[in-house]
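Overview (structure and organization)
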Amino acid sequence: AAKAVGKGEWRLFEPKMQDALSARLLLEEDIKRGLAAKEFCVFFQAQFNSDKKLVGAEALVRWHHPTRGLLAPGAFIEVAEASSIMSSIDQVVLLRACEQMARWADMPIFRDITVSVNISPAQLYQHHFVEDVLAVIEKTGADPQRLKLELTESMLVTDMSQAIERMRQFKQAGIRFAIDDFGTGYSSLQYLQQLPLDQLKIDQSFVRGLPEDSSSLAIIRAVMAMANSLGLEVIAEGVETEVQRDILFANHCYLYQGYLYAKPQAAEQLEAMMQAEQINV
Ligand code: C2E
Ligand code: MG
Ligand code: MG
Ligand code: MG
């Protein structure tokens, strides 16, 4: 990054840019250290249907930092994705999620749920991506039919034909797909119908707009209509209030994820919550 100082004169870095760059490099080193020290772990956020039945869980990465405390991905994912470290984090998350799925296969409440894993933009196009995922499934004994990969619209348009090819290979193994943050990117019916999808996740920004914002509601209705014509399941993210849930229900959205039901938490905490039947919304 070069910055124009005067006409025809360029200075490589302003002091502030230098500071920002150093901060990024320090964070990058710290992530590497944290990975080696096994400080990265996975939380699970429960997903429910309109009968209050647990139907799924989304795996969300967390960093147990020795001095900064528990960190959500917002604190490190951008720097990790800009370098090659994200693929190491991805490996940890996929392995932990599949190990957990294998454990849940013995617990009645969890046996039939799907476990969703977020895929990073670079991951989808990695040469060995399909083989890597299948190897983790094989190693952990997780049921591929219960695994769901979350992609975003923007990562699919990078190389649509390659993405579709990859997705087809996963489909053959029984793995499912969801489009995360749906409604925030570029989507046309024509492009969606070419993809072997199972689920659309309504982005939390639209749910947050309920009940006041009429344009959020209009988008939610459009997503429901789109999903209906494509035969896709829809889940709403970021459901925080009963009013929001009731509006979603009235608009035929019957799957929910959000603080109203459960926050992302360690697997043991989620198990304890389900055993205590603390879901009464
Ligand atoms: P996402 O996949 O859309 O995940 C949903 C985010 O919304 C999570 O944030 C979750 O904690 C938060 N959330 C859930 N319910 C509510 C609610 O009711 N209200 C509000 N305000 N927020 C809610 P989190 O865990 O901080 O993750 C942020 C993003 O980081 C994720 O968005 C996803 O894009 C990315 N991410 C998380 N884990 C991974 C991972 O293992 N790999 C990759 N590649 N990306 C990840
Ligand atoms: Mg997600
Ligand atoms: Mg999302
Ligand atoms: Mg997201």
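The written sequence of each chain sets the order in which its residues are numbered from 1. Chains carry letters and ligands carry numbers; both start at the beginning, A for chains and 1 for ligands, and go up in the order they are written. It should be noted that, the model being predicted, local features are given only for residues of pLDDT at least 70 and side-chain atom pairs only at 80 or more, the latter also being counted only at that level, while totals for whole chains, interfaces and linings use all residues. Side-chain numbers here rest on the full set of heavy atoms in the structure, without hydrogens or water.

Per an unreviewed UniProt entry, the protein chain is named EAL domain-containing protein, and its organism is Oceanisphaera pacifica.

A look at the pattern of salt bridges
Basically, it comes down to this: Salt bridges are counted wherever a side-chain nitrogen of Lys or Arg sits within 4 Å of a carboxyl oxygen of Asp or Glu. For helices the rule is a DSSP run of H or I covering at least 4 residues; for strands it is a run of E covering at least 2, with both sets numbered from the N terminus onward.
A complete count under the given rule lists 13 salt bridges for this structure. As a salt-bridge pair, E78 and R24 come within 3.4 Å of each other at their nearest N and O atoms. Taken together, the residues span a long stretch of sequence, with E78 in helix α2 (residues 77–82) and R24 in helix α1 (residues 15–36) at a distance of 54 residues. As a salt-bridge pair, D30 and R33 come within 2.8 Å of each other at their nearest N and O atoms. Taken together, the positions of D30 and R33, both in helix α1 and 3 residues apart, correspond to about one turn of that helix. Overlapping salt bridges, with partners in common, bring together E58, E150, K201 and E237 in one network.

With respect to the layout of surface pockets
Note the cut-off: Cavity: a set of points on a 1 Å grid over the protein atoms alone where a 1.4 Å probe fits but cannot get out. Pocket: an open set with protein on both sides within 12 Å along at least five of seven lines, its lining residues, like those of a cavity, having an atom within 4 Å of a point. Grid points are joined across faces, edges and corners, and a volume is the space filled by probe spheres set on the points. Think of it as three bins: nonpolar holds Ala, Val, Leu, Ile, Met, Phe, Trp, Tyr, Cys and Pro, charged holds Asp, Glu, Lys and Arg, and polar takes everything else, Gly as well.
Volume-wise, the largest pocket comes out at about 840 Å³. In this structure, the largest pocket is lined by 34 residues; those nearest its centre are E58, L60, P73, N118 and D180. Sorting the residues of the lining of the largest pocket by element identifies β4 (54–65), α2, α3 (86–104), β7 (147–152), β8 (176–182) and α9 (204–208) as the ones contributing at least two each. If you tally residues by element for the lining of the largest pocket, the top one is β4, at 5 residues. For the lining of the largest pocket, the class distribution of residues is 14 nonpolar, 8 polar and 12 charged. Around the second largest pocket, the lining residues are S87, D90, Q91, L94, L95, Q123, Q126, F129, D132, V133, V136 and K139.

A few points about the nonpolar core
Formally: Remark: nonpolar core denotes a set of buried residues (Ala, Val, Leu, Ile, Met, Phe, Trp, Tyr, Cys) joined through side-chain atoms within 4.5 Å. Residue exposure (1.4 Å probe, protein chains only): buried if accessible area is under 20% of the type maximum, exposed if over 50%, otherwise partly exposed. The contact rule is simple, with two residues in contact once any of their heavy atoms fall within 4.5 Å.
Of all hydrophobic cores here, the largest spans 81 residues; its most connected members are I31, I89 and L248. Per-element tally for this core: the top contributor is α3, with 8 residues. Those residues in contact with I89 that lie beyond four places of it in its chain are I31, L35, F40, V61, F76 and A80.

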